[in-house]
Amino acid sequence: MRRRTRLLAAALIFGSGLAACGHPAMNSGDVADAPQARLEALTAADARVAAVAWKLARANADLCPKSRLRVGWTLQSASQYGSELRPLAEARYGLDGDLPGVLAAPPGSPAAEAGLAPGDLILSVDGKALSRGGASSSGSYEGLEANIAHLDALAARGPIWLQVRRHGVERRIDLAPTLACAYPTQIEVTGTFRSHTDGRHIFISDRMVEVADDDDQLAFVLAHELAHAVLEHRSQPDVTGSPGQTNQRITLNRGLSLRAEPDADHLGLFLLARAGFDPYRAVDFLTRYAEVNPAARYPQANAGGIYESAPARRRTLEPVLADIAARKAAGQALIP
Ligand SMILES: [Zn+2]
């Protein structure tokens with residue numbers, strides 16, 4: 001249940017986001033598969049999401065209000081797992097306490113190019129040991145989060161070197177971070193259809209990942225959230241004057257939120273096209289989304305915003321797709 005832990009931590013820290021893009025219906029709550037199968041499925045989904053998110057973050061660094069030097073990895077720790085999955089994760093990835101282990105190193109990322117791969121445990125950075133934390137902590141994300149913040153801060157300044165352990169053997173890894181949008185992406189195990197951003201991270205639920213048949217479709221979901229972040233919807237002041245303290249009344253009263261969703265769809269298509277994904281697959285995604293989630297066939301208004309139906313979104317995308325195709329054909333820059 002590690003991502004529940006991660007989800008709970010995120011919810012406590014950041015609260016609910018303005019840009020919560022999904023329909024909360026059909027909560028299956030069905031995560032009763034065998035532990036080993038759950039771990040394998042989560043790992044595969046993590047690798048997929050990390051790869052697509054990294055391509056989007058790299059290709060759009062010039063448009064993101066928050067960008068920094070990054071290495072592109074997704075990290076995990078033994079301590080973030082609950083008691084059921086922890087022994088399995090420790091055995092499979094060589095994890096130890098709060099020390100960060102590589103969960104995904106996307107193709108083309110500095111992490112992958114330096115030779116990092118799942119199963120690598122990071123012991124130290126620039127010669128200084130990372131914190132292993134207390135031995136008894138379980139189902140806690142805080143220790144790993146502190147180590148990640150330390151690694152991110154050093155990488156943001158330039159090259160770093162790590163001492164890494166793989167299968168009991170230690171070696172040195174040199175990393176050359178590259179500029180990318182600074183919104184790390186996480187999977188939430190919720191059993192619902194949901195993706196959202198708090199303006200600092202991008203979150204996508206396990207079921208939303210499953211809806212996306214291929215990486216082009218997954219890119220549509222992640223690029224939509226990246227667009228919310230680029231447009232800084234989460235940090236727009238609401239009627240109380242404080243950023244992000246949105247609620248349903250405010251959402252219904254403010255013109256901003258009426259435009260937020262179509263604007264995110266519009267910019268999202270450009271962001272994914274800039275990263276080399278096929279924007280036309282967004283249409284297929286919305287068709288499939290409405291098939292698997294009946295709530296998406298109708299407009300919705302909830303605390304997260306106002307959402308058009310999937311068929312209406314599909315129609316709204318058509319002129320944007322034509323615009324992108326025309327710009328590509330004319331050799332013009334893909335900037336909306
Ligand atoms: Zn949205």
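As shown above, the structure is provided for reference.
Since the structure is predicted, the reported quantities are computational estimates derived from the model, not experimental observations.

### Thoughts on the overall build of the protein
Here is step 1: Regarding its fold elements, the protein presents 11 helices and 14 strands.
Here is step 2: For the protein, long-range pairs separated by at least 24 residues make up 73% of all intrachain contacts whose partners lie at least 6 apart in sequence.
Here is step 3: Of the roughly 13,800 Å² that the protein leaves accessible, carbon and sulfur atoms contribute 54%.

### Quick notes on the packing of aromatic side chains
Here is step 1: Scanning the model with the defined rule gives three aromatic pairs in all.
Here is step 2: Arranged with centres 5.9 Å apart and planes meeting at 75°, the rings of F193 and Y289 form a pair that is edge-to-face. Linking F193 in the loop between β10 (185-188) and β11 (195-197) with Y289 in helix α10 (residues 281-292), this pair joins segments that are 96 residues apart in sequence.
Here is step 3: Given a relative accessible area of 2%, F193 falls into the buried group.

### Focus on the environment of Q36
Here is step 1: Among the structural elements, Q36 can be located in helix α2 (residues 35-59).
Here is step 2: Exposure remark for Q36: the relative accessible area of 38% places this residue in the partly exposed category.
Here is step 3: Spatially, the C-alpha atom of Q36 lies 9.0 Å from that of A89, the residues being 53 residues apart in sequence.

### A short note on the pattern of salt bridges
Here is step 1: On inspection of all chains with the given rule, the structure shows 16 salt bridges.
Here is step 2: For D96, the salt bridge goes to R132, with nearest N and O atoms at 2.6 Å. Linking D96 in the loop between α3 (86-93) and β4 (101-104) with R132 in the loop between β6 (128-129) and α5 (142-155), this pair joins segments that are 36 residues apart in sequence.
Here is step 3: Of the residues examined, D96 reaches a relative accessible area of 19% and is grouped as buried.
Here is step 4: Between R166 and D120 there is a salt bridge whose closest N-O contact spans 2.5 Å. Of this pair, R166 sits in strand β7 (residues 160-166) while D120 sits in the loop between α4 (110-113) and β5 (121-125); the two residues are 46 residues apart in sequence, bridging distant segments of the chain.
Here is step 5: Its relative accessible area of 0% is what places D120 among the buried residues.
Here is step 6: Three or more residues are tied together by salt bridges with common partners; here these are D120, R166 and R171.

### Digging into the packing of α10 against helix α11 (residues 310-329)
Here is step 1: Packing of α10 against α11 leaves a shortest axis separation of 9 Å and a crossing angle of 175°. The orientation of α10 relative to α11 falls into the category roughly antiparallel. Here A282, V283, L286, T287 and A290 of α10 come into contact with α11, specifically with A310, R313, R314, L317 and L321.
Here is step 2: Partitioning the contact of α10 with α11 into residue classes produces seven nonpolar, one polar and two charged.

### A few points about the pairing of strand β12 (residues 202-205)
Here is step 1: Burial along β12 is two-sided: the residues I202 and I204 and F203 and S205 are all buried.
Here is step 2: Relative to β12, β10 runs parallel, the two being bridged by four bridges. Among the inter-strand pairings, Q186 is bridged to a residue of β12, identified as F203.
Here is step 3: Of the pairings in the sheet, the one linking β11 to β12 comprises three bridges and is antiparallel in character. In the sheet register, T197 faces β12, and the bridge partner there is I202.

### Focus on the state of the cysteines
Here is step 1: Counting across every chain of the model gives one disulfide.
Here is step 2: Each disulfide pairs two cysteine sulfurs, and for C64 the partner residue is C181, the sulfurs being separated by 2.0 Å. Torsion about the S-S bond of the C64 and C181 cystine: about 85°, corresponding to right-handed handedness. Of this pair, C64 sits in the loop between α2 and β2 (67-70) while C181 sits in strand β9 (residues 178-181); the two residues are 117 residues apart in sequence, bridging distant segments of the chain.

### Regarding the side chain of Q217
Here is step 1: Relative to the assigned elements, Q217 resides in helix α7 (residues 215-230).
Here is step 2: Once residues within four sequence positions are removed from consideration, Q217 is found in contact with V211, A212, R281, D284, F285 and R288.

### Some remarks on the nonpolar core
Here is step 1: L56, I204, L222, L226, L269 and F285 are the most contacted members of the largest nonpolar core, which totals 50 residues.
Here is step 2: Counting only elements with at least two residues in this core, the list comes to α2, β9, β12, α6 (206-211), α7, α9 (255-274), α10 and α11.
Here is step 3: What I204 contacts, discounting residues up to four positions off in sequence, is V49, Q186, I187, E188, R194, S195, V209, L218, V221 and L222.

### Things to note about unusual backbone geometry
Here is step 1: Of note in the backbone geometry, D126 takes a positive phi value of approximately 50° without being a glycine.
Here is step 2: Looking at where D126 falls in the secondary structure, it is placed in the loop between β5 and β6.
Here is step 3: Taking the relative accessible area as the measure of exposure, D126 reaches 35% and is therefore partly exposed.
Here is step 4: Here the phi dihedral of H167 falls at roughly 50°; this positive angle occurs in a residue that is not glycine.
Here is step 5: The class for H167 is exposed, based on a relative accessible area of 76%.

About the thresholds
- Residues numbered from 1 in each chain as written.
- Predicted model: local features only at pLDDT ≥ 70, side-chain atom pairs only at ≥ 80, totals over all residues.
- Heavy atoms only, no water.
- Helix = DSSP H or I, 4+ residues; strand = E, 2+ residues; numbered from the N terminus.
- Contact = heavy atoms within 4.5 Å.
- Areas by Shrake-Rupley, 256 points an atom, 1.4 Å probe, with all protein chains shown as cover.
- Phe/Tyr/Trp six-rings, centres within 6.5 Å; stacked < 30°, edge-to-face > 60°.
- Buried < 20%, exposed > 50% of the residue type's maximum accessible area, 1.4 Å probe, protein only.
- Salt bridge = Lys/Arg side-chain N within 4 Å of Asp/Glu carboxyl O.
- Axes fitted to C-alpha atoms, helices over the stretch in contact; angles between N-to-C directions.
- Parallel < 35°, antiparallel > 145°, perpendicular 65-115°, else oblique.
- Nonpolar A, V, L, I, M, F, W, Y, C, P; charged D, E, K, R; others polar.
- Pairing = 2+ DSSP bridges.
- Disulfide = S-S within 2.5 Å.
- Core = buried A, V, L, I, M, F, W, Y, C linked by side-chain atoms within 4.5 Å.

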